[in-house]
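Residue-level listing of the chains:
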There are 2 protein chains.
Amino acid sequence: MSQSGEFDLIARFFAPLASGYPGAYDLTDDAALLDVSDGNPRVVATDMLVEGVHFLPDDPADRIAQKALRVNLSDIAAMGAEPEGYTLAMSLSTLWDDAWLEAAAAGLRVDQDRFGVHLLGGDTVSSGGVASLSITVIGSVPNNQILRRSGAVSGDDLYVSGTIGDAGLGLRLLQENDDSGIDPALRAAAISRYQLPEPRLRLGLALRSLVNACIDVSDGLVADLTHLAESSDVAAILDLAAVPWSAAVEACADYAVARRITAGDDYELLFAAPASRRSAVEAAAETSGTVVTRIGSFASGAGIRILDPAGDEIEVDDTGYRHR
Amino acid sequence: MSQSGEFDLIARFFAPLASGYPGAYDLTDDAALLDVSDGNPRVVATDMLVEGVHFLPDDPADRIAQKALRVNLSDIAAMGAEPEGYTLAMSLSTLWDDAWLEAAAAGLRVDQDRFGVHLLGGDTVSSGGVASLSITVIGSVPNNQILRRSGAVSGDDLYVSGTIGDAGLGLRLLQENDDSGIDPALRAAAISRYQLPEPRLRLGLALRSLVNACIDVSDGLVADLTHLAESSDVAAILDLAAVPWSAAVEACADYAVARRITAGDDYELLFAAPASRRSAVEAAAETSGTVVTRIGSFASGAGIRILDPAGDEIEVDDTGYRHR
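Conventions adopted
- Residues numbered from 1 in each chain as written.
- Chains lettered and ligands numbered in written order.
- Predicted model: local features only at pLDDT ≥ 70, side-chain atom pairs only at ≥ 80, totals over all residues.
- Heavy atoms only, no water.
- Phe/Tyr/Trp six-rings, centres within 6.5 Å; stacked < 30°, edge-to-face > 60°.
- Helix = DSSP H or I, 4+ residues; strand = E, 2+ residues; numbered from the N terminus.
- Buried < 20%, exposed > 50% of the residue type's maximum accessible area, 1.4 Å probe, protein only.
- Lys NZ or Arg CZ within 6 Å of the ring centre and 35° of its normal.
- Core = buried A, V, L, I, M, F, W, Y, C linked by side-chain atoms within 4.5 Å.
- Contact = heavy atoms within 4.5 Å.
- Least-squares fit on C-alpha atoms with pLDDT ≥ 70 in both.
- Buried area = accessible area lost by both parts, 1.4 Å probe.
- Salt bridge = Lys/Arg side-chain N within 4 Å of Asp/Glu carboxyl O.
- Polar contact = N/O pair within 3.5 Å; in protein donor to acceptor, adjacent residues only side chain to side chain.
- Pairing = 2+ DSSP bridges.
- Axes fitted to C-alpha atoms, helices over the stretch in contact; angles between N-to-C directions.
- Lys, Arg positive; Asp, Glu negative; His and termini not counted.
- pLDDT = per-residue confidence, 0-100.

(A) Spotlight on the packing of aromatic side chains. Summed over the entire model, instances satisfying the criterion amount to two aromatic pairs over all chains. On the numbers, 5.1 Å between centres and 10 degrees between planes, the contact of A:Tyr159 with A:Phe271 is stacked. With A:Tyr159 in strand β6 (residues 157-161) and A:Phe271 in strand β9 (residues 269-273), this residue pair connects regions lying 112 residues apart in the sequence. Judged by relative accessible area, which is 0%, A:Phe271 ranks as buried. Seen from the ring of B:Tyr25, A:Arg148 lies directly overhead, with NZ or CZ sitting 3.4 Å from the centre. Here the basic side chain of A:Arg260 rests over the ring of A:Trp245, its NZ or CZ set 4.8 Å away from the ring centre.

What follows is the structure in structure tokens.
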């Protein structure tokens, strides 16, 4: 609002991201019009990324913008919904120049085409502070097919998609400028996982009718499993020996398991499904092109129990774990 | 996300703002569910407020939060829509303490009750930078009743609600800590207009079937009239002698007319209606309890022509105006 040059910037870089969605009015009106004549419920998710907290000042502009979109798409995936549009509000300072905005818009274009969403509206502010990007995604899901955090029951299997801890490793490698002792390709892979999470939208759709509860792992495996167990009023049992690690994570001997499972930014789906549906879950993973691993189960009670590879229960905090 | 204490803060201060809207799940899930079974189109608007740009660090917390909501409600009003819910993302730094958040939530509660909206979702991040609040409001409007910027035609009357320039004066009084020469009650009124704009939702509803084009004045009367004229592909004629001023603005002899009509943050509705509907527009203003003033007209052509009280055309920039 009322920034000198804001209208030019919107017209040049962002209005093209709204084309193809008539209700976005090429970002020239006060609001966008969303056609909901199918009557399907809409889901709405909001996440804000802040420089120095969720991305680093030197991260590439396209990846910063894509991450802001993708963390929201991950929320949509966790609800079993399909994304349709998003709004973008940006507060920019040192990063603000035409080249940065052009790269950010190009990144969003790639993701819009890939994930089937359009920009519905935006706001760009030049401030004296750190940069922040706030995105709100709207998606749709047929009635009664929404995935919630709260449906896990005793006896359910616990699954996670992809691998865990990569983003935390990538952040560490970036912050420490650490390239000693890890293969450059593995280093790049871990950094990419931090900068460019993969929203599991196709998996979320495939799981709609199969799972009892679902959440995306944004705060770390342990934290989000705790959220899911609390919401479902059951206890979760996490089998550490089964948690899937990437080659990059396995290559870092000093990256403790306790850190991997408490690091954030994984954006994998963590879900509960009845044991009777194991083959169906495997089929859903296969059709969606996503690796899924069974890493535990649910039982009556409360809290989360973590078993080490010997099957002994351990306690975890962010400095390590110990046997109980 | 992943801020220490974020979940406690959300549960304490913001989850209560989601109660009463079942699909908000008390802010405990990945996204909110929006019931759109009436099939009415939804409108979506996003605006971000940044400390030092749209509000001052010392502004009261409740007013900062209310302004963030209200500038978005003003966009909804300009579309002739009714608001139903909103998401809130906040990046906070020095302002972050429990007392600030409690006051902000209390302000939002007041406005939620008054304007009939619920909090659908949120994100709170602690950063090292200036504070910013990003809100996305979702509203609904029956098909074909949406108000656009683009429908004004030659011969239409030009109207504005309320008074113009108050917020710009309020900002100046705050920034200059200026209380000389203006009555304290008038000073407080101007500051209140800056900190707490009045979204003209009832007027927007009443105008649905009457007006050809509508916009809210956020960037200043001249700038937003230019937007409306450009979108509608007509010329606008602004009669300065007719523009309504508040007692506070009239009391400030050194607050030039050129500044009043280029200052932002008015959040009044600016609209075009056929001359044949003058009595209907007056009736709509009366039923909605909003003062509306006819301040010009539209003609074929392009651009905006500003007439001084003698009827002579003048040019305006942000430092003053001169005769052409």
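The rest of the description comes next.
(B) Structural detail: the nonpolar core. Residues A:Phe14, A:Tyr86, A:Phe271, B:Phe14 and B:Tyr86 are the most contacted members of the largest nonpolar core, which totals 132 residues. Setting aside anything within four residues of it in sequence, one finds A:Phe271 in contact with A:Asp157, A:Leu158, A:Tyr159, A:Leu203, A:Leu207, A:Val211, A:Ala213, A:Cys214, A:Leu228, A:Val281 and A:Val292.

(C) Structural detail: the relation of the copies chain B and chain A. With an axial shift of 0.0 Å and an RMSD of 0.0 Å, the rotation relating chain B to chain A amounts to 180 degrees. When the rotation and shift are considered jointly, the pair of chain copies conforms to a two-fold rotation axis. Comparing contact sets, 96% of the residues at the interface of chain B also lie at the interface in chain A, consistent with an isologous, same-surface contact.

(D) Focus on the interface of chain B and chain A. Contacts between the two partners involve 57 residues from chain B, matched on the other side by 55 residues from chain A. Together chain B and chain A conceal approximately 4600 Å² of surface at their shared face, both sides included; 59% is due to carbon and sulfur atoms. When the area that chain B buries against chain A is broken down by residue, the three leading residues are B:Asp30, B:Val44 and B:Met48, summing to 15%. Inspection of the chain B/chain A interface yields six salt bridges. Between B:Arg149 and A:Asp30 there is a salt bridge whose closest N-O contact spans 3.0 Å. Seen at the junction of chain B and chain A, the total is 20 residue pairs in polar contact (both at pLDDT 80 or more).

(E) Broad picture of the sheet that holds strand β1 (residues 32-34) of chain B. Pairing is mixed in the open sheet, where five strands are placed in the order β4(A)-β3(A)-β5(A)-β2(A)-β1(B). Only two strands of the sheet have a single neighbouring strand rather than two, namely β4 (118-126) of chain A together with β1 of chain B. Recorded for the sheet is a direction-independent mean angle of 20 degrees between the axes of neighbouring strands. By the bridge criterion, nine bridges tie strand β3 (residues 82-92) of chain A to strand β5 (residues 132-140) of chain A in an arrangement that is antiparallel.

(F) View of the pairing of β6(A). Residues and elements named next belong to chain A. Along β6, five of the five residues are buried, which leaves the element largely enclosed by surrounding structure. Burial of the side chains of β6 extends over both faces: Asp157, Tyr159 and Ser161 are buried on one face and Leu158 and Val160 on the other. Sheet topology places β6 next to β9; four bridges connect them, and they run antiparallel. Opposite Asp157, over in β9, you have Ala273 as the bridge partner. For β6 and strand β10 (residues 292-299), the ladder comprises five bridges, and the chain directions are antiparallel. Residue pairing in the sheet places Leu158 in a bridge with Gly296 of β10.

(G) Geometry of the environment of B:Leu73. Residues and elements named next belong to chain B. With respect to the element layout, Leu73 can be found in helix α2 (residues 61-78). The spacing of Leu73 and Glu84 is 11 residues in sequence and 10.0 Å in space, taken between C-alpha atoms. Contact partners of Leu73, with chain neighbours within four places excluded, come to Pro83, Phe115, Val117, Val137, Pro199 and Leu201.

(H) Layout of the side chain of B:Asp156. Residues and elements named next belong to chain B. Assignment of secondary structure puts Asp156 in the loop between β5 (132-140) and β6 (157-161). For the buried Asp156, no salt bridge is present, and the opposite-charge side chain at shortest range is Arg277, 7.5 Å distant. Only 2.9 Å separates the side chain of Asp156 from the side chain of Asn212, close enough to count as a polar contact. In this structure Asp156 touches Gly151, Asn212, Ala272, Ala273, Pro274, Ser297 and Phe298, once residues within four positions along its chain are discounted.

(I) Geometry of the sheet that holds strand β3 (residues 82-92) of chain B. Sheet architecture is open: five strands sit in the order β1(A)-β2(B)-β5(B)-β3(B)-β4(B), paired in mixed fashion. A single partner strand is all that each edge strand has here, and the edge strands are β1 (32-34) of chain A together with β4 (118-126) of chain B. Between one strand axis and the next, the sheet turns by 20 degrees as a mean value, whatever way the strands run. Judged from the three bridges that link them, β1(A) and strand β2 (residues 42-50) of chain B form a sheet pairing that is antiparallel.

(J) Here's a closer look at the confidence of the model for chain A. Model confidence for chain A is summarised by a mean pLDDT of 92, while 94% of its residues fall at 70 or above. Two summary scores accompany this predicted model of the complex, namely pTM at 0.93 and ipTM at 0.91.

(K) Broad picture of unusual backbone geometry. Phi is positive for A:Leu27, which is not a glycine, with a value near 60 degrees. Inspection of the secondary structure assignment puts A:Leu27 in the loop between α1 (6-18) and β1. Relative accessible area serves as the criterion here: at 18%, A:Leu27 is assigned to the buried category. Not every positive phi belongs to a glycine, and B:Asp26 is a case in point at roughly 55 degrees.

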